[in-house]
Amino acid sequence: MRFKNKGRKIYKTKEKNYYGKSPVGKAFSVGLTVLLLGGIGFIGYSVAEPIMKYTKKAGDSELPQPTTLPTEAPTDDSGNLIGMESETPPEVTVTDTEAILGYSLSVNDLMNRDVLHTALQRIPEDQGIQYVEVPLKTEGGKVYYVSNIFTAQHSGAIQGQMTLSEIVSTIVEDGYKPIANISTFSDNISPATFPELGYLTIDDGSQWLDDDYEDGGKPWTSPFSQVAVDYNISMINEVSGSGFSKVICSDFTFPEFHDTDADFLGESVLSPDRYKAMTSAANTFYEHITNKGSTMLLEVSAADVLKGNKDILQPLILKVNTLVVDIDLDEIRYGVFTGDTVYEFSGNPAENVDKMLDLIADDISSFNVVVKIRGVNFNPSDLIKASEKVKENGFSSCIIG
């Protein structure tokens, strides 16, 4: 809150005029008055100046001061503005607090209408499930619907046979509401064909791989690449306008960089401020999704959060307020390694979910949370029992599958 600078008040007094004196008396009086005024003025100035200096606040000047001080915008080595969007709090948005009870499909459920219909019949009817999550673009970059996007078509990413309208209509006909899931920056397919979507070396612009090619090294899409951001925007626009009321954007992640990678890619990939690239992209996706009339949810891996890989969790900067916390029971069953600490998850699914939510509680406390529980090596009944722990931890929204 800003306060108005009211300044110092100046009080004026009226001079008094005296009459009835003789000319000599008047002359004498005038001379005496001049001497007295001069003396008082000298003494007053001598006393007032140190008093004024003493009472003047630090930083005051003789000239009126502006109510706000200009600040210098941060720039990079080339003098370009950087990170300004992250310094300004996002616009206040209406918090989406709707309770979500959902079921997550697998990519194998999207082969055709009949297979999808059969998968929908497996959804437990006694759990109050209303939403069905559809994996349209998965970790790694594969796309499981017929997309019209040039990059997806020419990179070989498209694996699905169904159109978006077929997927949506089938789910709606069975009485559910579809939710889309789009992986964003964990994409190794598109940059293999279009290198400008990925990380490029600063010396000659060659493509960076996360390991030696002979050892299975692969490229990644980069949030620093506007081409990669635009590819995600194209898919988000295609999906948001096709009947999906909610769109989950997942995999706002960086590759596991090593210190030596900064020599090839620049310091930005290891900078503490690198999160600005991710949050900027997420806020851009949010605007496109909401402009299409859909709601954006942001997904993070619970294991990644526990490991400290949580660049995207910036609640003061992000416009999206709903967080999907993905607890992959298959991933954590053998423990989560975080540097010198090993977190064991040797209990049953319900116990492991309860433990994970307790460990990451502080990291997710600023968001409206949807807990997703999945694991191909567990029975649906195990996932349902684990979902009861979600409620005990104070969360009303859960997706199982």
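What counts as what
Residues numbered from 1 in each chain as written. Predicted model: local features only at pLDDT ≥ 70, side-chain atom pairs only at ≥ 80, totals over all residues. Heavy atoms only, no water. pLDDT = per-residue confidence, 0-100. Contact = heavy atoms within 4.5 Å. Axes fitted to C-alpha atoms, helices over the stretch in contact; angles between N-to-C directions. Helix = DSSP H or I, 4+ residues; strand = E, 2+ residues; numbered from the N terminus. Left-handed = near helix turned anticlockwise from the far one by under 90°. Nonpolar A, V, L, I, M, F, W, Y, C, P; charged D, E, K, R; others polar. Buried < 20%, exposed > 50% of the residue type's maximum accessible area, 1.4 Å probe, protein only. Arc of directions from axis to C-beta. Polar contact = N/O pair within 3.5 Å; in protein donor to acceptor, adjacent residues only side chain to side chain. Salt bridge = Lys/Arg side-chain N within 4 Å of Asp/Glu carboxyl O. Core = buried A, V, L, I, M, F, W, Y, C linked by side-chain atoms within 4.5 Å. Phe/Tyr/Trp six-rings, centres within 6.5 Å; stacked < 30°, edge-to-face > 60°. Lys NZ or Arg CZ within 6 Å of the ring centre and 35° of its normal.

Some details on the confidence of the model for the protein
For step 1, the next point in the chain: Looking at the protein, the pLDDT average stands at 82 and 76% of residues meet or exceed 70.
For step 2, the next point in the chain: The low-confidence segment residues 1–95, where pLDDT is below 50, has 34 contacts with residues more than four positions distant or belonging to other chains.

Regarding the packing of helix H12 (residues 349–359) against helix H14 (residues 380–392)
For step 1, the next point in the chain: It is at 8 Å that the axes of H12 and H14 come closest, and there the two elements cross at 30 degrees. Crossing geometry of H12 relative to H14 is assigned as right-handed. The residues of H14 that touch H12, namely those facing Pro349, Ala350, Val353, Asp354 and Leu357, are Asp382, Lys385, Ala386, Lys389 and Val390.
For step 2, the next point in the chain: Taken together, the residues of the contact of H12 with H14 break down into six nonpolar, no polar and four charged.

Here we look at helix H3 (residues 113–121)
For step 1, the next point in the chain: Along H3, the positions that sit buried rather than exposed are Leu116, Ala119 and Leu120. Each buried residue of H3 lies within a common arc of 100 degrees when the element is viewed along its axis, so the set occupies one face.
For step 2, the next point in the chain: Looking at the packing, one finds that the buried side of H3 touches strand S2 (131–137) and helix H5 (164–173).
For step 3, the next point in the chain: At the N-terminal end of H3, a side-chain oxygen is found 3.1 Å from the backbone nitrogen of Asp114, two or three residues along, and the residue is Asn112.

Here we look at the pattern of salt bridges
For step 1, the next point in the chain: If you walk through the whole model with that rule in mind, you get twelve salt bridges.
For step 2, the next point in the chain: Close ionic contact of Arg274 with Asp311 constitutes a salt bridge, the shortest N to O distance being 3.1 Å. Note that Arg274 is positioned in the loop between helix H8 (261–265) and helix H9 (275–291) and Asp311 in the loop between helix H10 (302–307) and strand S6 (322–328), a separation of 37 residues in sequence. Residue Arg274 shares its accessibility class with Asp311, and that shared class is buried.
For step 3, the next point in the chain: Linking Lys389 and Glu392 is a salt bridge whose minimum nitrogen-to-oxygen distance equals 3.2 Å. A residue pair is termed a helical-turn pair when its members lie 3 or 4 positions apart in one helix, as Lys389 and Glu392 do in helix H14 at three residues.
For step 4, the next point in the chain: Here the salt bridges share partners, and the residues they tie into one network are Glu133, Glu299 and Lys372.

Looking at the nonpolar core
For step 1, the next point in the chain: Val239, Phe252, Met296, Leu298 and Ile327 are the most contacted members of the largest nonpolar core, which has 87 residues in total.
For step 2, the next point in the chain: For this core, the element with the most residues is helix H7 (residues 226–240), which contributes seven residues.
For step 3, the next point in the chain: Counting eight residues, the second largest nonpolar core, distinct from the first, contains Ile100, Ile248, Val324 and Ile399.

Brief notes about the side chain of Thr221
For step 1, the next point in the chain: If you trace the backbone, Thr221 turns up in the loop between helix H6 (190–193) and H7.
For step 2, the next point in the chain: A distance of 3.4 Å separates a polar side-chain atom of Thr221 from the backbone oxygen of Phe185.
For step 3, the next point in the chain: Excluding its chain neighbours within four sequence positions, the residues that come into contact with Thr221 are Thr184, Phe185, Ser186, Asp187, Ser190, Pro191, Leu197, Gly198, Tyr199 and Ala228.

Section: the packing of aromatic side chains
For step 1, the next point in the chain: Under the defined criterion, the tally for this structure stands at eight aromatic pairs.
For step 2, the next point in the chain: With a centroid separation of 6.2 Å and an interplanar angle of 25 degrees, the aromatic rings of Phe185 and Phe285 are classed as stacked. Residue Phe185 is located in the loop between strand S3 (177–183) and H6, and its partner Phe285 is located in helix H9; the two are separated by 100 residues in the primary sequence.
For step 3, the next point in the chain: For the ring pair Trp208 and Phe257, a centre distance of 5.2 Å and an interplane angle of 50 degrees mean the geometry is tilted. Separated by 49 residues along the polypeptide, Trp208 in the loop between H6 and H7 and Phe257 in the loop between strand S4 (246–250) and H8 bring together distant segments of the chain. Considered together, Trp208 and Phe257 belong to a single accessibility category, that of buried residues.
For step 4, the next point in the chain: Connected via pairs of aromatic rings, a cluster forms that spans Phe185, Phe252 and Phe285.
For step 5, the next point in the chain: For the cation-ring pair, Lys355 lies above Phe345, with the distance from its terminal atom to the ring centre recorded as 5.2 Å.

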